[in-house]
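Residues per chain, in single letters:
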Amino acid sequence: METIEHKTVTANGINIHIAEKGQGPLVLFLHGFPELWYSWRHQILYMAAHGYRAVAPDLRGYGDTTGAPVHDSTKFTSLHVVGDIIALLDAIAPDEKQVFVVAHDWGAVLAWFLCLYRPDRVKAYVSLSVHFTPRNPKMKTIETMRKYFGDDHYMCRFQEPGDIEAEFAQIGVREVVKKLLTYRHPGALYFPKGKGLGSFPDTSDTLPSWLSEEDVDYYTSKFEKNGFTGGINYYRALDLNWELTAPWTGAQVKVPTKFVVGDLDLVYNIPGVKEYVQGGGFKKDVPLLDEVVVMEGVAHFLNQEKPDEINQHILEYIKKF
């Protein structure tokens, strides 16, 4: 880990912290919630050892990336963050017209938008956990979540500024990080008001083999410093995203893609998702979808839970280009 280099790049009006290692074609890694560049620690070392330049930023509102107006969720739309990504690539790889992209969770959502808005900049995309979601022109995102899952669904609970942050503060940053990263229940995620994380099924105080106390320490140190608001803003901007992306209703993603998901992933187990992924809908919306891999017994944070297998899936795919 000591060999990973850290630097700050000023791009799109903010100061983006990146972790990088290696030389060769650039592979951009985009993290999710509640994560950081650190989520890609295994992949950075592996790809650098195999002839690639691995770059993982802390996204807007996270970690050591500064300058975004954290208390204004309207500045956390997909257009803002894809703007950050394009400006970052222009700054760190001005001679590379196209790069490889690997992304997970919210990073995957943003990478789908990157591929939708600027397919000319992406050579190939490996999406982990989150499939492409076509825009529903009839119903806003949070309205949809509320209809199917109720007010206690985590996306709904995240909407009121300061509300979930206050509950997280009572629980403690370390406990929140630990519980979320080790969540393995394939059903929907709920935060009943006032119950904290007590409603979580199958939670244990013992960390799994793939997550060390030192790993939890790192995440905790950054979220204690900056709070969770930056990351939660992405959820608060979901309905604004819905409004802004109206021009892309029905648009296809035309970038070569590989999709990898765990069969215990809560996203993969949302009603209708398996049918969409496996039944032809996904391929229709992403015509250059080359491969779908479903890993057995693997949950949401698959790049950390099964780093060796994920590393191989990434390398096998991008070596084709």
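Refer to the structure printed above.
Since the model is a prediction, treat every value here as computed from it, not as a measurement.

### What to know about the overall build of the chain
Helix and strand counts for the chain come out as 14 helices and eight strands. The C-alpha radius of gyration computed for the chain amounts to 18 Å, which stays within 12% of the reference 20 Å derived for 321 residues, consistent with globular compactness. In terms of overall dimensions, the chain has a C-alpha envelope of 50 × 45 × 40 Å along the principal axes. Within the chain, the fraction of its 321 residues that count as buried is 55%. Restricting the contact set of the chain to residue pairs at least 6 apart, pairs at least 24 apart contribute 77%. For the chain, the accessible area works out to roughly 13200 Å², and carbon and sulfur atoms hold 51% of it. For the chain, the distance from the average position of its 33 positive side-chain charges to the average position of its 41 negative side-chain charges is 5 Å.

### Quick look at the nonpolar core
Soluble globular proteins tend to bury their nonpolar side chains together. The biggest cluster of nonpolar side chains holds 110 residues, and the ones touching the most others in it are Phe29, Phe33, Met47, Tyr125, Phe158, Phe228 and Phe282. Examining the composition of this core, we find that 10 residues originate from one element, helix 3 (residues 106-117), more than from any other. With near-sequence residues (within four places) excluded, Met47 lies in contact with Val27, Phe29, Tyr52, Ala54, Ile314, Leu315 and Ile318.

### Digging into the sheet that holds strand 2 (residues 14-21)
The strand order across the open sheet formed by eight strands is 1-2-4-3-5-6-7-8, and the pairing between neighbours is mixed. The open sheet terminates on both sides in strands that have one partner only, identified here as strand 1 (5-11) and strand 8 (289-295). With direction set aside, neighbouring strand axes in the sheet form an average angle of 20°. Here strand 7 (residues 257-262) pairs with strand 8 via six bridges, running parallel. Looking at the pairing, Phe259 lines up with Val292 of strand 8. Strands strand 1, strand 2, strand 3 (26-30), strand 4 (53-57) and strand 5 (99-104) of the sheet are contacted by helix 2 (residues 78-92), whose axis makes an angle of about 150° with strand 3. Relative to strand 6 (residues 122-128), helix 3 is tilted by about 150°, and along the sheet it contacts strand 3, strand 5, strand 6 and strand 7.

### Notes on the side chain of Asp105
Along the chain, the position of Asp105 falls in the loop between strand 5 and helix 3. With no salt bridge to any partner, buried Asp105 finds its closest opposite charge in Arg41, at an N-O distance of 14 Å. A distance of 2.6 Å separates polar atoms of two side chains, one belonging to Asp105 and the other to His300. In contact with Asp105, not counting residues within four places along its chain, are Gly32, Phe33, Glu35, Leu128, Ser129, Val130 and His300.

### Some thoughts on the pairing of strand 5
In terms of burial, strand 5 is a largely internal element, six of the six residues being buried. Across the two faces of strand 5 the burial is the same, with Val99, Val101 and Ala103 and Phe100, Val102 and His104 all buried. The pairing of strand 3 with strand 5 spans four bridges and is parallel. Counted as the bridge partner of Leu30 is Ala103 from strand 5. Both strand 5 and strand 6 contribute to a ladder of six bridges, which runs parallel. Its bridge partner lying in strand 6, Phe100 is registered against Ala124. Each parallel crossover has a hand, and for strand 5 linked through helix 3 to strand 6 it is right-handed.

### Here we look at the pairing of strand 2
Of all eight residues in strand 2, six are buried, a share of seventy percent or more. Between strand 1 and strand 2, which pair antiparallel in sequence order, lie two residues; one of them, Asn12, sits at a positive phi of approximately 55°. As defined by bridge partners, strand 2 adjoins strand 4 across four bridges and the pair is classed as antiparallel. Residue pairing for strand 4: Ile18 is matched across the bridge by Pro57.

### So, the packing of helix 1 (residues 41-49) against helix 14 (residues 307-318)
Two elements in contact, helix 1 and helix 14, have axes whose closest approach is 10 Å; the angle formed by their N-to-C orientations is 45°. The angle between helix 1 and helix 14 places the two elements in the oblique class. Judged by the sense of rotation from one axis to the other, the crossing of helix 1 with helix 14 is right-handed. Here helix 1 contributes His42, Gln43, Tyr46 and Met47 to the contact with helix 14, which in turn contributes Pro307, Ile310, Asn311, Gln312, Ile314, Leu315 and Ile318.

About the cut-offs
- Residues numbered from 1 in each chain as written.
- Predicted model: local features only at pLDDT ≥ 70, side-chain atom pairs only at ≥ 80, totals over all residues.
- Heavy atoms only, no water.
- Helix = DSSP H or I, 4+ residues; strand = E, 2+ residues; numbered from the N terminus.
- Rg over C-alpha atoms; globule rule 2.2 N^0.38 Å.
- Buried < 20%, exposed > 50% of the residue type's maximum accessible area, 1.4 Å probe, protein only.
- Contact = heavy atoms within 4.5 Å.
- Areas by Shrake-Rupley, 256 points an atom, 1.4 Å probe, with all protein chains shown as cover.
- Lys, Arg positive; Asp, Glu negative; His and termini not counted.
- Charge placed at Lys NZ, Arg CZ, Asp CG, Glu CD.
- Core = buried A, V, L, I, M, F, W, Y, C linked by side-chain atoms within 4.5 Å.
- Pairing = 2+ DSSP bridges.
- Axes fitted to C-alpha atoms, helices over the stretch in contact; angles between N-to-C directions.
- Salt bridge = Lys/Arg side-chain N within 4 Å of Asp/Glu carboxyl O.
- Polar contact = N/O pair within 3.5 Å; in protein donor to acceptor, adjacent residues only side chain to side chain.
- Right-handed = clockwise from strand over helix to strand, strands pointing away.
- Parallel < 35°, antiparallel > 145°, perpendicular 65-115°, else oblique.
- Left-handed = near helix turned anticlockwise from the far one by under 90°.

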